[in-house]
Amino acid sequence: MTGADLTTLGIGGKFLDLLVPEDGNELSLMMRRIHSEGRSFSVLGGGSNVLVTDEDMETPVILTTSMKSVRINREGERLLVTCGAGVALRDLMAMTLREGWSGLEFAPGIPGTVGGAVVGNAGSRYGTIGQSVHSVRLMRPGGASTEIGGEDIEWGYRMSGLQREELSIVWEVAFSFRESDRNAVLAEAKRSAAIRGMQPVGRRTAGCVFMNPPEDSAGRLLDLAGCKGLSVGGAVVSDIHANFIENAEGASAADVAKLADVCRERVSDIFGVRLRFELKSIGMSLGDCGG
Ligand code: EPU
């Protein structure tokens, strides 16, 4: 399997040591082995917010998408839904909408897995996933699992305190949803879904490349800086929304990184605003490509 197979951008070299645990026990054994060999590793979920190096990768990559268990417990009017990190956010949202449970109405169109969404506190202007997290189970480097309450995790704009746990993996998340009126939940989700009309849906992208600066929109600044339509190799800044880079035609990861850098420089030169990457990378770093 390659980065190209496993990411929405469709870019990236071969994973020479791809590990695909199906549950916490398997993950624990894998992490114990990696730890005892003194190696590092990368984690890949739905591949929707990540740029994978063009080079073949020897470093182990742990793919979470087969950890898909779902357990439901009712506690009064609250539903505790415990999901493996690999459950698609789209599937979890569909279940909550079907049942009339409130909490994920903001999520239509957000790709990726539950694990990635929680670590990056995915969201839209209507809400974020951290607000519904009851607790998270983390697998530590030696293979021991610990649980952290949602209220003990720092949640910010496209960030969570879980990002500081670099050598640990979120392998299970318990969500707390509120029983609500099905029509109201559906109406709210529809309102959120309308936003996606202004985004390049169905094209090969990794979502927004940059985070919004405080009180502004990265897309707006990139657009004003004339970035729409700029290209490097097969990578092009979307003509629909300037904060999306499309893999239009056989782009390499280096093309995307270079194009992102060019855009960042433009915004910096014109507006004096240094955009921060929302896009994550595996096997390479972003923001050091000159530009
Ligand atoms: N705009 C432009 N030109 C563009 C793009 C946007 O002028 O090319 C203007 C829009 O007209 C609007 C403003 O900028 O006035 C804000 O744009 P938009 O409503 O598209 O929201 P955004 O701030 O660009 C954020 C999130 C999206 C999320 C939407 C809707 C970030 C970096 N982006 O976009 O999240 O879907 O709000 O909630 O926070 C993502 O994180 O990957 C992502 C796509």
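A quick note: this is a predicted structure, and the numbers were derived from the prediction, not measured.

1. Side note on unusual backbone geometry
Inference 1: Within the chain, Asn-121 stands out as a residue other than glycine whose phi angle is a positive 45 degrees.
Inference 2: Looking at where Asn-121 falls in the secondary structure, it is placed in the loop between α4 (114–119) and β8 (123–124).

2. Things to note about helix α5 (residues 182–193)
Inference 1: The terminal C-alpha atoms of α5 lie 16 Å apart, and with 12 residues this matches the ideal 16 Å at 1.5 Å per residue to within 8%.
Inference 2: When we look at burial in α5, the residues that qualify are Val-185, Ala-189 and Ser-192. The buried side chains of α5 occupy one side of the element, clustering within an arc of 55 degrees when seen end-on. Of the exposed residues in α5, the ones pointing more than 90 degrees away from its buried face are Asn-183 and Lys-190.

3. Some remarks on the packing of aromatic side chains
Inference 1: Overall, the coordinates contain 2 aromatic pairs when judged by the stated rule.
Inference 2: Measuring from centroid to centroid gives 5.6 Å for Phe-175 and Phe-177, while their planes differ by 5 degrees, and the two rings are stacked. Each member of the pair, Phe-175 as well as Phe-177, is classed as buried.
Inference 3: On the numbers, 4.9 Å between centres and 40 degrees between planes, the contact of Phe-210 with Phe-277 is tilted. Placement of Phe-210 in the loop between α5 and α6 (218–224) and of Phe-277 in the loop between α7 (253–271) and β18 (280–282) is noted, with a sequence separation of 67 residues between them.
Inference 4: Its relative accessible area of 2% is what places Phe-210 among the buried residues.
Inference 5: What makes Phe-277 buried here is its relative accessible area of 13%.

4. Brief notes about the pattern of salt bridges
Inference 1: Taken as a whole and judged by the stated rule, the model has 16 salt bridges.
Inference 2: Here Glu-172 ties to Arg-137 by a salt bridge, and the two come within 3.2 Å at their closest N and O atoms. Of this pair, Glu-172 sits in strand β14 (residues 169–179) while Arg-137 sits in strand β10 (residues 133–139); the two residues are 35 residues apart in sequence, bridging distant segments of the chain.
Inference 3: A relative accessible area of 6% places Glu-172 in the buried class.
Inference 4: Among the salt bridges present, the one from Arg-203 reaches Asp-239, with a minimum N-O distance of 3.3 Å. One end of the pair, Arg-203, is in the loop between α5 and α6; the other, Asp-239, is in the loop between β16 (235–237) and β17 (245–247), and 36 residues separate them in sequence.
Inference 5: Arg-203 gets classed as partly exposed once you look at its relative accessible area, which sits at 38%.
Inference 6: Each of Asp-17, Arg-33, Glu-37 and Arg-39 takes part in a single network of salt bridges with overlapping partners.

5. Quick look at the pairing of strand β6 (residues 78–84)
Inference 1: Of all 7 residues making up β6, 6 are buried, and the element is well covered by its neighbours.
Inference 2: Looking at chain direction, β6 and β14 are connected through 7 bridges and run antiparallel. Bridge assignment links Cys-83 to a residue of β14, and that residue is Val-173.

6. Description of the domain arrangement of the chain
When the parts come together, some accessible area is lost, and that loss is often what is quoted as the size of the interface.
Inference 1: Entries for the chain in the domain assignment read domain 1 (3–63), domain 2 (70–196) and domain 3 (218–282).
Inference 2: Once you take the C-alpha centre of each, domain 2 and domain 3 turn out to be 29 Å apart.

7. Topic: the nonpolar core
Inference 1: Leu-92, Leu-104, Val-118, Val-136 and Phe-175 are the most contacted members of the largest nonpolar core, which totals 31 residues.
Inference 2: When residues of this core are traced back to their parent elements, those giving at least two are β6, α3 (89–99), α4, β10, β14 and α5.
Inference 3: The dominant element in this core, judged by the number of residues it contributes, is α3, at 5 residues.
Inference 4: If near-sequence neighbours (up to four positions away) are discounted, Phe-175 is found in contact with Leu-79, Leu-80, Val-81, Cys-83, Leu-92, Val-114, Val-118, Ile-129, Ser-132, Val-133 and His-134.

8. Brief notes about the state of the cysteines
Inference 1: Per the counting criterion, the structure on display carries 0 disulfides.
Inference 2: Not part of a disulfide, Cys-208 finds its nearest cysteine sulfur in Cys-263, a span of 13 Å.
Inference 3: No disulfide involves Cys-227; its sulfur sits 3.8 Å from that of Cys-263, the nearest cysteine.

9. Points about α3
Inference 1: The set of residues buried in α3 consists of Leu-89, Leu-92, Met-93, Met-95, Thr-96 and Leu-97.
Inference 2: Here the buried face of α3 lies against β5 (70–75), β6, β7 (101–102), α4, β14 and α5.
Inference 3: Remark: Gly-100 follows α3 within two positions and exhibits a positive phi of approximately 75 degrees.

10. Brief notes about the sheet that holds strand β2 (residues 42–44)
Strand-to-strand pairing in sheets goes through backbone hydrogen bonds, with the strands running parallel or antiparallel.
Inference 1: What the 3 strands build is an open sheet, ordered β1-β4-β2; its pairing is parallel. Each edge of the open sheet carries a strand with a single partner, namely β1 (18–19) and β2.
Inference 2: Direction of pairing for β1 relative to strand β4 (residues 61–63): parallel, over a ladder of 2 bridges. Note on β4: the bridge partner recorded for Leu-18 is Val-61.

Definitions and cut-offs
Residues numbered from 1 in each chain as written. Predicted model: local features only at pLDDT ≥ 70, side-chain atom pairs only at ≥ 80, totals over all residues. Heavy atoms only, no water. Helix = DSSP H or I, 4+ residues; strand = E, 2+ residues; numbered from the N terminus. Expected span 1.5 Å × (residues − 1). Buried < 20%, exposed > 50% of the residue type's maximum accessible area, 1.4 Å probe, protein only. Arc of directions from axis to C-beta. Phe/Tyr/Trp six-rings, centres within 6.5 Å; stacked < 30°, edge-to-face > 60°. Salt bridge = Lys/Arg side-chain N within 4 Å of Asp/Glu carboxyl O. Pairing = 2+ DSSP bridges. Domains from an automatic or database assignment. Core = buried A, V, L, I, M, F, W, Y, C linked by side-chain atoms within 4.5 Å. Contact = heavy atoms within 4.5 Å. Disulfide = S-S within 2.5 Å.

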